[in-house]
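# Summary of structural features
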Amino acid sequence: MRNTNQMVIRSRKRESGSAATAGLLALLQVIMVCVTVYVFAANLYSAPDAITSVGRAVDEQYKLTLYVTATVFILSQLGLAYAVYRFRDHGQKAHFSRGNNTMEFVWTTATIVLFLGLGILGRRAWAEVRFTPPAADAIHVEVTENQFVFNFRYPGPDGIFGKLDPKQISASTGNPLGIDSHDPAGKDDIVVPTLTVPVNHQVELMIGSQDVIHNFFVRELRLQQDAVPGLIVPIHFTPEKIGQYEIVCTQLCGLGHSRMHSYLNVVSDADYDAFLKSGGQ
Amino acid sequence: MSSHAHGGHSAHGAMAAPQGFIRKYIFSVDHKVIGIQYFLLALTAVLIGIVLSVLMRFHLVWPNVHLPFVSGGQMTQEQYLALVTMHGTIMVFFVLTTAPQGGFGNYFLPIQIGAPDMAFPRLNMLSFWVTFLAFVAILAAFFVPGGAPISGWTGYTPLSGLGEITGPGEGWGQTMWITSISLFCLASLLGALNFIATTIDMRAPGMGLFRMPLTVWGWFVTAILGLLAFGVLLAGGILLLLDRSAGTSFFLPAGLVVNDQIQNHAGGSPLLWQHLFWFFGHPEVYIAILPGMGVASHVLSTFARKPVFGYRAMAMAICAIGFLGFMVWGHHMFVSGMSPYSGFAFSVLTMSIGVPSAIKTFNWLGTLWGGKIQFKTPMLFAIGFVSLFVSGGLSGLFLAQPAVDNLLHATYYVVAHFHLVMGVAAIFGIFAATYFWFPKMFGRMMNEPLGKLHFWFTFVGAYCIFMPMHWVGIAGGIRRYADASAVAYLQKLQPIHQFITIAAFITAAAQIFFLINFFYSLKSGPKASKNPWDATTLEWITDSPPPHDNFAGNYPSVYRGPYEFSVPGVKEDYILQSLKPQEVDRVKE
Amino acid sequence: MPGIVTDEIELIHTDKGGGGGSSSGGDDGGGGGEFGGSGSVPQRTYITGMTVGLGGILMFFMALVSAYIVRKDIPNSGWHSLAVPRILWLNTAILIASSFTLVRARKLLRAHDEQGFRHWWSVTTILGIFFLAGQVIAWRQLAAAGLFLSTNPSSSFFYVFTAAHGVHLLGGVLALTWIMFRPLHRLTRGTATEVAAMYWHFMDGLWVFLFLLFLQGR
C-alpha cells in the first residue's frame, strides 16, 4: 500500500499477478477475435454458391449483417480486452461515474437505427419468395414428406393433380400418396423420390406431410420450408444452374431424421421433357 | 432501531429457528435452505446434462465405436435423439431456470432487500418439492418402457402427439416428459408469485425501486416473465396430454397416416403447439439470462470498484428485454408455415430486442472503464459473461431475419447461438454468482487458484466448442442429426466436429476443478468474514452464513443506492447501503 | 412467519391441473400492516400475492381462450359449434349470486356480526357447491347427446374449459370452507376473507367470460 499524504480514497492492496491475469484475459480476447474474424472473412466454411437470384439476395443480406455484426463484435470485444488490461488494479483510484446520459442516448439511437435498418433492408429477400405469388407459367410440383422419404408429384400431361384419398395410401404397392384410383386426372401423375426441374424456369412447390412435421431444405436455393401435416405451404424458386443438389430434412421427425434426404436435379429443357415423357425415369 | 411489535418477537431473533434435521434441512421453509436445495438440484442436473452432451459429442464423431453400456453395443439413432431431448430439457429447465432464480434468487432476494424471508415461506418450500418431483419425473423417462422421448426439448407435434407409433420413446417417455414439465410449470408459477410479492412488499425502509441492486431487478423481472409464461406452457402441456391419451385433436390434423395407418384425429393444428410452446419458450430464455445479467452488473461493479455505469438505464433495459421478450416468439417459426407477414413483424420486433441488450453491453464496458479491476474468480466469470453474451447475442441478429433464417434455420448456427448465450453466458452468470456468494452462504472462502484454473479452461473451452459451430451451420450442418452418414456434403464437416468434440471433453473434464473447489471449501476453506469483497449491498452486513432470520433482529434501513464505490470525499472506496449518512467516514478533498 | 407463533396457519392452495396457486389467509402474528424493520410479513403482501397469483391463472386461461378462438375461426375446418347445455344459464346465475352473498358476508364481518357473517359465508360456499354440481349435470347432458371430450374440437374445448375452471373453483370452495371454521378473532383483520373474495370474484368473472364465449360461438 502506498502511503501518500493525500489519502482521498484508501487504495486496496495491489493484486499480485493482476497484470498477468489481465494480460492473459486481454490476449485471449484478441486471439478469439482474430480467429473468428479470420475464419468468417476468409470464408473457410461457407454455403455453396447460390443458384437463384433470390439466393444471391439472401447472401447480400447475410453479408450486410456480417459487416454490421463484425463491427460491433470487434469494437466491443477488443474494447473489453483493452478495458480489462488498461484498468487493472495497479494502485490507481477508480474514476467515479454514474454514467453518461448523452452516451446512452447516442448508442441507443445508433443501435436502433442499425438493427432496425438491417431488419427492414432484409425484407426484400424474404418478400420475393414469400409475399409474391408464383408466376403464371410456374411448374407446380407437390412435395409430400413422411417418415423418412420425400415424394414429388407432377401433374402429368393433363396438368391436373389427381385427387388424393388417404384410405388408398399404400407405399408397399407403389401408391405412397394415395392417389384416388377413381380419378382419371390422377392416372398420369408422376410420383418420384427426387425432384427434377428445368433450368431457368420458375418452380412452385406445394409442401406437405402425411405424418409429422418435416422440412425441405436446399442450401443452394437458400430456401427451406417446414412440411406440416394439415397444411400445404407454397414456395417458389427459379434455378439458374444445371446440377444436382442435396435436399435435406431439417425438422426433427423421428429416428430416421438424419437419413432422410433427396436430390434436386436441375436439368436442361430437353432433359426435363424427356423426364416427363418417360413418366419420371 | 427495529420496532418489535407484539406477537412473540424476542430480542434475539424475530423468528425461532427450526429444530431437528428434517425441519432444518429437508422440509425447511427458510429461503436460504431452499435456495441451497435448488442449487444442489441444479448441480445434479448439470452433471447429468454434461454427461448426456459428452455422449452426444462422442457419437457424432465416433458413431461406430463399441459402447459397452449400450445394449447392442452401438448407439442407435433414437438413442442419440433421446440424448438430445433429455440434454435440452434437463439443462433448460433444471439448470438454467433453477439455479439462477430458484437457487440464488431464493437465497439472496430477501437478504438484499432487507427482509427476513420470502413473503410466503411455505409456498416456497412447496415450490421446491414440486420441482424436485418434476426432476424425478424427467429422469424416470430414461427408465420407462420405450425409453426417453425423441422429439427434442421443443416436443413438436404430431411427433410428440401420437404416441409410440411415431418413434421409440414417444409412448411412456413422452408422457413422463409432459408430466415433468407440467409439474415444473406449477412450481415455477408458485415461485414467481413469491418473488414478486416479496419484492413489491417487503423491501427495507429507504429501498425504493431504484435503490434495488440489479440482481434484484433481474430476479424480479424474471419472476414476472415466469408468471406470465409458464401458465401458457401448462395449458399446452395439458392439451398435448389429452391429445395423446383422451382422443382429442388440439394439435393433430385430419388425415395423418403413420406406417400406412390412418390416425383417428381431426381438426387440430400442429402450429398451435408451436405458438403455445414458443410463447412460453421465448420468455423462458430471458428467464435464463436476466438473473445472470443482474449478477454480471453486480460483480463487475464490485470488483471494478465503480458504480454500475448507467444504473437506471440498466434497470430499464432489464424491463425492456422482459417486455419485448413476449412479443418475439414467432422468430422460432419463420419457416414453420406461419404467415410470412407475421414472420416479418416478428422479425422487426426481434431486431428491436437487440437494442436493450446492446445498451447493457455498452454499460458493462462503461462500468469497467476507468475502474480499478481486481481479478478475483467471480470477476473473471463476470467478464467472461460479457464476452460470451456479445458473441452469442450478435449471432442472433442473423437468425432474427427470416431471409437469412432460410439458410440458417435448424442448422448448427442456431445451436451455436443458443449455447453461447444460454449454455455458456448464463452458466458463467451462475459461476460468477457461486464464487461471489459462496463465502456468504457457507461462511468459507473458495480457493482462488483453483477458481482461476476453472475459469481459464472453461472460457477457452467454451469458445472452442461453440464458435466453430457457427461455421458448421453456415456450411449446412443440420442440427439433431445423429450422424453424417447419409448426406454427402456433411462428411467435409467431420474434422471440425472432431475439434469440437475434443474441446468438449476437455471443458467437461475441467469442471472437476469447480467440483473439488466447491466441496473442499465447504469443509475446509478459510473462514469468511462478513464482507470479504468490501461490497455494498445488504447481504454483506450480516454474518457469513446469515442467521435464521437473516439479520439477527436488526433489520436495516437503506440510505443510498447499491453501487456506491469510490465515491469522492469518502475514506473507504465503498459505502454500505445501510450505513447511516452521518456514520460515513468522510475526508476533506 | 415460520415458527413465530405456534398456532399460525398459512393457507396454501394447490390447484390440480390448473395454473398458479394462491396463498390466502393466515395471520403472521405480529407486526401488523407495517413493515418498519419489524421482520414480519405485512398484510398487504397477501393481497399482492393473490393478485399476482390471479395473473398467472389468467394467463393459463388466456392460452386456452386464444387456442379456442383461433381454432374456431379456421374456415372449412370441421368446426361444429356446440349447443350450450341449458343448465349453464342456471349455473351462471348461481355463481353470480354467490358473489353477492360473499359481499354481504364480508360486510357483516366488518360490522362484527359473527352470526350473519357465518350464515352468508355458508350460503356462498353452498352456492359454489351447487355450481359445481350443476357443471357435472351439464357434462351428463352433453354425454347424453353424444358429445364427449374427443367427439369434436368444440366439445373438447368445452370440457377442457369447464374442467379447468371447475378445478379452480373447487379450490375456492375448499378455501371458503376452511375460513368457515376459523375462529372469529383470526378473521377480524379481514385479510383472509379479502383474498378469498378476490379469488372467488375472479373465478366468477372468469366463468361469465367463458360462458359468453360459448354463447358467442354457437
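Residues numbered from 1 in each chain as written. Chains lettered and ligands numbered in written order. Predicted model: local features only at pLDDT ≥ 70, side-chain atom pairs only at ≥ 80, totals over all residues. Heavy atoms only, no water.

## Some details on the overall build of chain C
Each helix and strand counted, chain C has 5 helices and 2 strands in total. Sequence-ordered secondary structure for chain C, helices as α and strands as β, is β-β-α-α-α-α-α. Taking all 218 residues of chain C together, the buried fraction comes to 60%. For chain C, the computed accessible surface area is about 8,700 Å², with 66% contributed by carbon and sulfur atoms. (Helix = DSSP H or I, 4+ residues; strand = E, 2+ residues; numbered from the N terminus. Buried < 20%, exposed > 50% of the residue type's maximum accessible area, 1.4 Å probe, protein only. Areas by Shrake-Rupley, 256 points an atom, 1.4 Å probe, with all protein chains shown as cover.)

## Digging into the overall build of chain A
When you go through chain A residue by residue, the secondary structure sums to 5 helices and 10 strands. The C-alpha radius of gyration computed for chain A amounts to 29 Å, which surpasses the reference 19 Å derived for 281 residues by more than 25%, pointing to a less compact arrangement than a globule. For chain A, buried positions account for 54% of its 281 residues. Pairs at least 24 residues apart make up 70% of the contacts formed inside chain A by residues separated by at least 6 positions. Of the accessible surface of chain A, which amounts to about 13,000 Å², a share of 60% is contributed by carbon and sulfur atoms. (Rg over C-alpha atoms; globule rule 2.2 N^0.38 Å. Contact = heavy atoms within 4.5 Å.)

## Digging into unusual backbone geometry
Here the amide bond leading from Q147 of chain A into F148 of chain A is cis, since omega sits at 0°, within 30 degrees of zero. Of note, the amide linkage connecting S544 of chain B to P545 of chain B takes the cis form, showing an omega dihedral of -5°. Locating P545 of chain B in the fold gives a position in the segment after α15 (494-524). In the Ramachandran plot, N550 of chain B falls in the positive-phi region, its phi being about 80° despite a non-glycine side chain.

## What to know about the sheet that holds strand β3 (residues 190-192) of chain A
Residue and element names in this part refer to chain A. As summarised here, the arrangement of the 5 strands in space is β3-β2-β1-β5-β8, forming an open sheet in which the pairing is mixed. Edge positions in the sheet fall to β3 and β8 (233-237), since each has one partner strand and no second. Averaged over all pairs of adjacent strands, the angle between strand axes in this sheet comes to 25°, irrespective of strand direction. In this sheet, strand β5 (residues 203-209) lies alongside strand β1 (residues 139-146) in parallel orientation, the contact comprising 7 bridges. Note that in β5 the partner of H140 across the bridge is E204. (Pairing = 2+ DSSP bridges. Axes fitted to C-alpha atoms, helices over the stretch in contact; angles between N-to-C directions.)

## A word on the interface of chain B and chain A
With 113 residues of chain B in contact, the opposing surface of chain A contributes 104 residues. For the pair chain B and chain A, the summed buried area comes to about 9,700 Å², and 68% of that belongs to carbon and sulfur atoms. Broken down residue by residue, the surface that chain B buries against chain A is led by K372, N406 and W471 of chain B, which jointly contribute 7%. Here chain B and chain A share 3 salt bridges between them. The interface formed by chain B and chain A holds 32 residue pairs in polar contact (both at pLDDT 80 or more) in total. (Buried area = accessible area lost by both parts, 1.4 Å probe. Salt bridge = Lys/Arg side-chain N within 4 Å of Asp/Glu carboxyl O. Polar contact = N/O pair within 3.5 Å; in protein donor to acceptor, adjacent residues only side chain to side chain.)

## Notes on the side chain of N106 of chain B
Checked against the element boundaries, N106 of chain B lands in helix α4 (residues 98-112). Among the polar contacts made by the side chain of N106 of chain B, one reaches the main-chain carbonyl oxygen of G102 of chain B at a distance of 3.1 Å.

## Some words on the environment of N517 of chain B
Residues and elements named next belong to chain B. Summarising the element assignment, N517 is placed in helix α15. When the C-alpha atoms of N517 and A410 are compared, they prove to be 38 Å apart, with 107 residues separating the residues in sequence. Among all residues touching N517, those that are not within four sequence positions of it are Y435, M446, N447, L450 and G451. Reaching out from N517, the side chain makes a polar contact with the backbone nitrogen of N447 at a distance of 2.9 Å.

## Side note on the pattern of salt bridges
Residues and elements named next belong to chain A. Inspection of every chain in the model, using the stated rule, returns 17 salt bridges over all chains. Note that R153 is salt-bridged to D189, the shortest N-O span being 2.6 Å. Of this pair, R153 sits in strand β2 (residues 149-154) while D189 sits in the loop between β2 and β3, and the two are 36 residues apart along the sequence. Owing to a relative accessible area of 1%, R153 belongs among the buried residues under this scheme. What makes D189 buried here is its relative accessible area of 12%. Taken together, the shared-partner salt bridges in this structure form one network comprising E142, R153 and D189.

## With respect to the packing of aromatic side chains
A full pass over the atoms with the stated rule returns 90 aromatic pairs over all chains. Ring geometry for F120 of chain B and Y46 of chain C: centres 5.4 Å apart, planes at 50°, overall tilted. With one member in each of two chains, F120 of chain B in the loop between α4 and α5 (121-140) and Y46 of chain C in helix α1 (residues 44-72) form a pair that bridges those chains. Looking at F120 of chain B, the relative accessible area reads 0%, which means it is buried. Taken together, a centroid distance of 5.3 Å and an interplanar angle of 75° make the contact between F438 of chain B and F518 of chain B edge-to-face. (Phe/Tyr/Trp six-rings, centres within 6.5 Å; stacked < 30°, edge-to-face > 60°.)

## Quick notes on the confidence of the model for chain A
In low-pLDDT regions, the fine details of the predicted coordinates are not to be read closely. The predicted model of chain A has a mean per-residue pLDDT of 91, with 94% of residues at 70 or higher. Per-residue pLDDT stays below 50 along residues 1-14 of chain A; that stretch engages in 29 contacts with residues further than four places along the chain or on separate chains. (pLDDT = per-residue confidence, 0-100.)

## Here we look at the domain arrangement of chain A
By a frequent convention, interface size equals the accessible area lost on bringing the separate parts together. All names here are of chain A. For chain A, the assigned domains are domain 1 (5-129) and domain 2 (134-277). For domain 1 and domain 2, the distance between their C-alpha centroids amounts to 44 Å. Contact residues are listed per partner, giving 13 residues for domain 1 and 14 residues for domain 2. Summing both sides of the interface, domain 1 and domain 2 together bury roughly 1,100 Å²; the carbon and sulfur share of this comes to 58%. The largest share of the area that domain 1 buries against domain 2 comes from P48, I51 and V129, three residues that together contribute 56% of it. The interface formed by domain 1 and domain 2 includes 2 salt bridges. At the junction of domain 1 and domain 2, the tally comes to 7 residue pairs in polar contact (both at pLDDT 80 or more). Broken down by secondary-structure element, the contributors of at least two residues to the side of domain 1 that touches domain 2 are α2 (53-86) and α4 (123-130). (Domains from an automatic or database assignment.)

## Some remarks on the side chain of N194 of chain B
Relative to the helices and strands, N194 of chain B resides in helix α6 (residues 172-201). Those residues in contact with N194 of chain B that lie beyond four places of it in its chain are M118, A119, F120, L123 and N124 of chain B.

## Quick notes on the state of the cysteines
Scanning the model with the defined rule gives 0 disulfides over all chains in all. Left unpaired, C464 of chain B is separated from the closest cysteine sulfur, that of C34 of chain A, by 15 Å. (Disulfide = S-S within 2.5 Å.)

## Let's talk about the packing of helix α1 (residues 18-41) of chain A against α2 of chain A
All names here are of chain A. Here α1 crosses α2 at 170°, and the two axes come no closer than 8 Å. Relative to α2, the element α1 is oriented roughly antiparallel. Contacts between α1 and α2 pair A19, A22, G23, L25, A26, Q29, V30, M32, V33, T36, V37 and F40 from the former with Y62, L66, F73, I74, Q77, L78, L80, A81, V84 and Y85 from the latter. Considering only residue class, the contact of α1 with α2 consists of 18 nonpolar, 4 polar and no charged. (Parallel < 35°, antiparallel > 145°, perpendicular 65-115°, else oblique. Nonpolar A, V, L, I, M, F, W, Y, C, P; charged D, E, K, R; others polar.)

## Things to note about the environment of M56 of chain B
Residue and element names in this part refer to chain B. Mapped onto the secondary structure, M56 falls in helix α2 (residues 31-61). Between the alpha carbons of M56 and M75 there is a distance of 9.6 Å; along the sequence they are 19 residues apart. Excluding its chain neighbours within four sequence positions, the residues that come into contact with M56 are Y80, L83, V84 and H87.

## Thoughts on helix α2 (residues 87-110) of chain C
Structurally, the α-helix is built with 3.6 residues per turn, so residues lying three or four positions apart point the same way. Spanning 24 residues, α2 of chain C covers 35 Å between terminal C-alpha atoms, matching the ideal 34 Å at 1.5 Å per step. Backbone geometry just after α2 of chain C places H112 of chain C at a positive phi near 60°. (Expected span 1.5 Å × (residues − 1).)

## Looking at the nonpolar core
As a rule of thumb, soluble globular proteins bury nonpolar side chains together. One finds F152, L195, L205, F216 and L264 of chain A together with F385 and W437 of chain B to be the most contacted residues of the largest nonpolar core, which totals 346 residues. Considering each element in turn, this core owes the most residues, 23 residues, to helix α13 (residues 412-442) of chain B. Two domains each put at least three residues into this core: domain 1 (5-129) and domain 2 (134-277) of chain A. Filtering out sequence-adjacent residues up to four positions away, L195 of chain A remains in contact with V141, F152, Y154, L205, F216, F237, I247, S262, Y263, L264 and N265 of chain A. (Core = buried A, V, L, I, M, F, W, Y, C linked by side-chain atoms within 4.5 Å.)

## Section: the pairing of β8 of chain A
Across a regular strand the side chains alternate sides, sitting on one face of the sheet and then on the other. Residues and elements named next belong to chain A. Burial of β8 is extensive: 4 of the 5 residues sit out of reach of the surface. Both β5 and β8 contribute to a ladder of 5 bridges, which runs antiparallel. Bridge pairing links E204 to H236 in β8.

## Let's talk about a nonpolar patch on the surface
Residue and element names in this part refer to chain B. Together, W62, V65, L453, F457, I502 and I506 line one region of the surface with nonpolar side chains, adding up to about 470 Å² of accessible area. At the level of secondary structure, the elements contributing two or more residues to the nonpolar patch comprise α14 (448-474) and α15. Looking at the secondary structure, you find F457 in helix α14. (Patch = residues over 30% accessible without salt bridge, like charges linked within 9 Å, V, L, I, M, F, W, Y side chains within 5 Å.)

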